[in-house]
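# Chain and residue survey
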2 protein chains.
Amino acid sequence: MTDLSGPATDLFVDFLCPYAWRGVELAAVLRGQDETFRLRHFSLVEGNHAENAKTHNWSLTDQPLDAPDGDGYMKYQTPSLRAFLAATAAAKQGDDAAWAFTLALFRAHHEGKKALDDDTIAAAAEEAGLDLARFEADCRDEAALRAELKAEQDASREIGVFGTPTYVLPDGEAAYYRFENLTRDPATALEWWNIYKTVLRSDPGVATIKRAKNRPAARMS
Amino acid sequence: MTDLSGPATDLFVDFLCPYAWRGVELAAVLRGQDETFRLRHFSLVEGNHAENAKTHNWSLTDQPLDAPDGDGYMKYQTPSLRAFLAATAAAKQGDDAAWAFTLALFRAHHEGKKALDDDTIAAAAEEAGLDLARFEADCRDEAALRAELKAEQDASREIGVFGTPTYVLPDGEAAYYRFENLTRDPATALEWWNIYKTVLRSDPGVATIKRAKNRPAARMS
């Protein structure tokens, strides 16, 4: 990932996750508004893998890209690995390239309902304005991309990331922040971000605010 | 539970839970500061029971008070049933009695490290200034108390309560609110309560804010 000067909020995402998509859109709007975010990768397939329940035994980065689709959650294994490796390659062209590619791929998948396959990745690279020859060359250096992605997973375990999006503030405070709506409006994004920071830095040491399952009907519409 | 005029926030608690204790202390401080809370009961043993994972099959209120201690979480079955029934009996003496008894029992268990047994319950009743003869008579009408407690569990399932403390605002918005610290200071309590309401009524439709497992060392001390 790009090394940024000054304090940055780390944002762990997985391309599979619609909440991570909203989280990336929020951060994209806030970039330049006095907030610096650094895109990082946390694999939900790895984090939720049954073999990792007690100790860490299974790594996404050890899996082949042509693995057969697994059952249930494991059917996301290969698409997510493919997306992570491509985003790691895109990030080699700088911070703006990483954001442009990440947004394009999230939007293609969650807004455009495209599969996380090679065609969608190629289209996102083009839309992001990447140097395509360089992107393809970086993608071919798969061992280096896997090593970077593995280091990301190690770092996320150290922090205790369990879902996406997780924002890690410059002071180290970290939480999963799941919200239902999407905004691209600067003032709204700032308001939502301030809610998060208020809770994280709160005096009571808030550990969890989680809605009960059944929201009142009037607010669900 | 006492019927209150005007809009009240329902507060679901289980005497087993140290977070519910902090939640009750918070609400106790806020009572009279323009906030009305109604004490309600949610059983963690019932809510987390393996037989209730898919459909509801197991009710705490169907269990005898002399059931042998179960394994693991089930060792809390009888103490929690005993505490719930006693609190339901105490509430028959009015809202202030319910609060005084509930606070006394939570403090005895979580601050005083007393077991939730008959002696602790009797001491809490005395400390709360209950009419002890009436309390004992109400406790003997166990079938009525169980029916009330069963209705509480039905109501909590309807809302989707999954943990304690869960606050249900007058407009129906509901969330689990877990915080690490305890306050009995009115201004502080109001500030913490406002954080909760801000999140619940927020524009982004916040579903979850949950800290990552490993908080930075500087903040853990």
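Residues numbered from 1 in each chain as written. Chains lettered and ligands numbered in written order. Predicted model: local features only at pLDDT ≥ 70, side-chain atom pairs only at ≥ 80, totals over all residues. Heavy atoms only, no water.

### Re the overall build of chain A
- Helix and strand content of chain A: nine helices and five strands.
- Going from the N terminus to the C terminus, chain A shows its helices and strands as β-α-β-α-α-α-α-α-α-β-β-α-β-α.
- With the principal axes as the frame, chain A shows a C-alpha extent of 50 × 40 × 35 Å.
- When burial is assessed residue by residue, chain A has 53% of its 221 residues classed as buried.
- Here the contacts in chain A between residues at least 6 apart in sequence split such that 72% fall between residues at least 24 apart.
- Split by element, the accessible area of chain A, about 9800 Å² in all, is 48% carbon and sulfur. (Helix = DSSP H or I, 4+ residues; strand = E, 2+ residues; numbered from the N terminus. Buried < 20%, exposed > 50% of the residue type's maximum accessible area, 1.4 Å probe, protein only. Contact = heavy atoms within 4.5 Å. Areas by Shrake-Rupley, 256 points an atom, 1.4 Å probe, with all protein chains shown as cover.)

### Considerations on the environment of Thr183(A)
Residues and elements named next belong to chain A.
- Within the secondary structure, threonine 183 sits in the loop between β4 (174–179) and α8 (186–200).
- The spatial distance from the C-alpha of threonine 183 to the C-alpha of arginine 22 is 7.6 Å, given a sequence separation of 161 residues.
- With residues up to four places along the chain from it excluded, the contact list for threonine 183 reads Glu25, Leu26, Val29, Thr188, Ala189 and Trp192.
- Engagement of the side chain of threonine 183 in a polar contact is seen with the backbone nitrogen of aspartate 185, the distance being 3.1 Å. (Polar contact = N/O pair within 3.5 Å; in protein donor to acceptor, adjacent residues only side chain to side chain.)

### Some thoughts on the interface of chain A and chain B
- With 41 residues of chain A in contact, the opposing surface of chain B contributes 41 residues.
- Taking both partners together, chain A and chain B bury about 4000 Å²; carbon and sulfur atoms supply 53% of that area.
- Of all residues in chain A, the largest losses of buried area upon contact with chain B belong to Pro204(A), Ile209(A) and Arg211(A), amounting jointly to 20% of the total for that side.
- At the boundary of chain A with chain B, the tally comes to two salt bridges.
- For Glu173(B), the salt bridge goes to Arg211(A), with nearest N and O atoms at 2.4 Å.
- Counting the contacts that link chain A with chain B gives 18 residue pairs in polar contact (both at pLDDT 80 or more). (Buried area = accessible area lost by both parts, 1.4 Å probe. Salt bridge = Lys/Arg side-chain N within 4 Å of Asp/Glu carboxyl O.)

### Here's the deal with unusual backbone geometry
All names here are of chain A.
- Cis rather than trans, the peptide bond between threonine 164 and proline 165 has omega equal to 5 degrees.
- Tracing the chain through its elements places proline 165 in the loop between α7 (142–159) and β3 (166–168).
- In this structure, aspartate 34 takes a positive phi of about 70 degrees despite not being glycine.
- Within the secondary structure, aspartate 34 sits in the loop between α1 (18–30) and β2 (37–41).

### Points about the relation of the copies chain A and chain B
- In the superposition of chain A on chain B (RMSD 0.0 Å, axial shift 0.0 Å), the rotation amounts to 180 degrees. Such a turn and shift between the copies fits a two-fold axis. Considering only C-alpha atoms, the residue of chain A closest to the rotation axis is Ile209(A), which sits at 2.6 Å.
- Interface overlap between copies: 100% of the residues of chain A at the interface are likewise at the interface in chain B, consistent with a symmetric, same-surface contact. (Least-squares fit on C-alpha atoms with pLDDT ≥ 70 in both.)

### So, the pattern of salt bridges
- One pass over the full model with this rule turns up 36 salt bridges over all chains.
- Residues Arg82(B) and Asp118(B) are paired through a salt bridge, measuring 3.8 Å at the closest nitrogen-oxygen approach. Note that Arg82(B) is positioned in helix α3 (residues 77–90) and Asp118(B) in helix α5 (residues 118–127), a separation of 36 residues in sequence.
- According to the relative accessible area criterion, Arg82(B) is partly exposed, its value standing at 22%.
- Among the charged side chains, a salt-bridge network with shared partners connects Asp10(A), Arg38(A), Arg40(A) and Glu152(A).

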